[in-house]
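Survey of secondary and tertiary structure
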Amino acid sequence: MTTTNIKVPKQAVVPQHFEKTTIEDIRQNVQSKKGYILDMDGVIYHGDHMLPGVDKFLGWLMNSGKKFIFLTNSSERTPEQLSAKIHRLTGHTFSPKLFHTCALSTARFISGQMSSARVFVIGGDGLRTALVDDGHVIVEEGDADFVAVGETPNYDFNRIIQAAEIVRRGAKLIGTNKDIRDRVFFF
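Only a predicted model underlies this, so the values are computations on that prediction, with no experimental measurement involved.

With that settled, consider unusual backbone geometry. For serine 116, which is not glycine, the phi torsion reads 50 degrees and is therefore positive. Summarising the element assignment, serine 116 is placed in the loop between helix H5 (102-113) and strand S6 (118-122).

Okay, structure coming up:
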């Protein structure tokens, strides 16, 4: 058996133009932008914990007149649920229209393929609601045009087998994002 020793640098390599960058330089750079696309998990919050500085940044953003949108590759929650979560964590209120999820993109993608598609879903409220709101029909058994798989706290082996059978009979399989594992929180 052969082993390879990998050498890891003790200090991160920093590009030269960053060596003289100050906090004020970063602040001016951020404030000079016309708009922002804000990721959610791991950027705004981690699980049920707001990350440091986010509350202050969101307050500034609301008062700045800048354009912004929240974006997430999680399909589990609806925009209304995400808006409520941000309000619960920060006290700031944002319209659900400012939240775009991969569930909304999945529903629009299916709409581009077929209107009123029959969809077998393994996923949470966000995916189910997006599909229904876009005019699709959620099916629990029998044939479907699509099988859509997203995030849910309740993955069920029998539903996964059922989804595989539906795909075997000709349904198109769609994953809401390409994460190879579900999120894990270390608290």
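Pairing between side chains becomes possible if they bear opposite charge and their charged atoms approach one another. With the rule as written, the count across this model stands at seven salt bridges. For the salt bridge of aspartate 48 with lysine 85, the shortest nitrogen-to-oxygen distance reads 3.7 Å. On the criterion of sequence distance, the pair formed by aspartate 48 in the loop between strand S2 (45-46) and strand S3 (49-50) and lysine 85 in helix H4 (residues 79-90) is long-range, its members being 37 residues apart. Looking at aspartate 48, the relative accessible area reads 49%, which means it is partly exposed. Look at lysine 85 and you get buried, because its relative accessible area is 5%. Each of Asp48, Lys85 and Arg88 takes part in a single network of salt bridges with overlapping partners.

Looking now at the nonpolar core. Counting residues in hydrophobic clusters, the biggest one holds 15 residues, and the most contacted among them are Leu38, Met40, Ile44, Phe70 and Ile86. At the level of secondary structure, the elements contributing two or more residues to this core comprise strand S1 (35-39), helix H3 (54-64), strand S4 (67-72) and H4. Here the element with the most residues in this core is H3; it accounts for three residues. Leave out the neighbours within four places in its chain, and phenylalanine 70 touches Leu38, Met40, Ile44, Leu58, Phe94, Leu98, Phe99 and His100. Core analysis: the next-biggest nonpolar cluster, separate from the first, contains 13 residues, Ile110, Leu127, Leu131 and Ile174 among them.

Right, let's get into the layout of surface pockets. Reported here for the second largest pocket is a volume of approximately 230 Å³. Considering the residues around the second largest pocket, the lining is formed by Arg27, Val30, Gln31, Tyr36, Gly53, Lys56, Phe57 and Trp60. If you list the elements that add at least two residues to the lining of the second largest pocket, you get helix H2 (23-31) and H3. In the lining of the second largest pocket, the residues fall into four nonpolar, two polar and two charged.

Bringing the sheet that holds strand S8 (residues 146-149) into the picture now. Pairing within the open sheet is parallel, and its four strands lie in the order S7-S6-S8-S9. Every interior strand has two partners, whereas the edge strands, strand S7 (137-139) and strand S9 (172-175), have only one. Neighbour to neighbour, the strand axes of the sheet diverge by 35 degrees on average, direction disregarded. One ladder, built from three bridges, connects S6 with S7; its direction is parallel. Pairing of phenylalanine 120 across the sheet is with valine 139, part of S7. Against the sheet, H5 makes contact with S6, S8 and S9, and its axis sits at roughly 155 degrees relative to S9, the strand it touches most. Contacting S6, S8 and S9, helix H7 (residues 157-168) crosses the sheet at an angle of about 150 degrees to S6.

Working definition: the strands of a sheet are paired by backbone hydrogen bonds and lie parallel or antiparallel to each other. Taken together, the three strands give an open sheet; going across it, the order is S1-S4-S5, and neighbouring strands pair in parallel fashion. Two strands close off the open sheet at either side, each with one partner strand: S1 and strand S5 (99-101). Each neighbouring strand pair of the sheet contributes to a mean axis angle of 25 degrees, computed without reference to strand direction. In this structure, S1 lies alongside S4, joined through five bridges in parallel fashion. For tyrosine 36, the partnering residue across the bridge sits in S4 and is phenylalanine 68. Along the sheet face, H4 touches S4 and S5 and points at about 125 degrees away from the line of S5.

Further remarks concern the side chain of arginine 159. By the element assignment, arginine 159 lies in helix H7. Here glutamate 140 takes part through its side chain, which lies 2.9 Å from a polar atom of the side chain of arginine 159. Sequence-distant contacts of arginine 159, defined by excluding residues within four places in its chain, comprise Phe120, Val121, Ile122, Arg128 and Glu140.

Parameters at a glance
- Residues numbered from 1 in each chain as written.
- Predicted model: local features only at pLDDT ≥ 70, side-chain atom pairs only at ≥ 80, totals over all residues.
- Heavy atoms only, no water.
- Helix = DSSP H or I, 4+ residues; strand = E, 2+ residues; numbered from the N terminus.
- Salt bridge = Lys/Arg side-chain N within 4 Å of Asp/Glu carboxyl O.
- Buried < 20%, exposed > 50% of the residue type's maximum accessible area, 1.4 Å probe, protein only.
- Core = buried A, V, L, I, M, F, W, Y, C linked by side-chain atoms within 4.5 Å.
- Contact = heavy atoms within 4.5 Å.
- 1 Å grid on protein atoms, 1.4 Å probe; cavity = no way out; pocket = protein on both sides within 12 Å on 5 of 7 lines; lining within 4 Å.
- Points joined across faces, edges and corners; volume = space filled by probe spheres on them.
- Nonpolar A, V, L, I, M, F, W, Y, C, P; charged D, E, K, R; others polar.
- Pairing = 2+ DSSP bridges.
- Axes fitted to C-alpha atoms, helices over the stretch in contact; angles between N-to-C directions.
- Polar contact = N/O pair within 3.5 Å; in protein donor to acceptor, adjacent residues only side chain to side chain.

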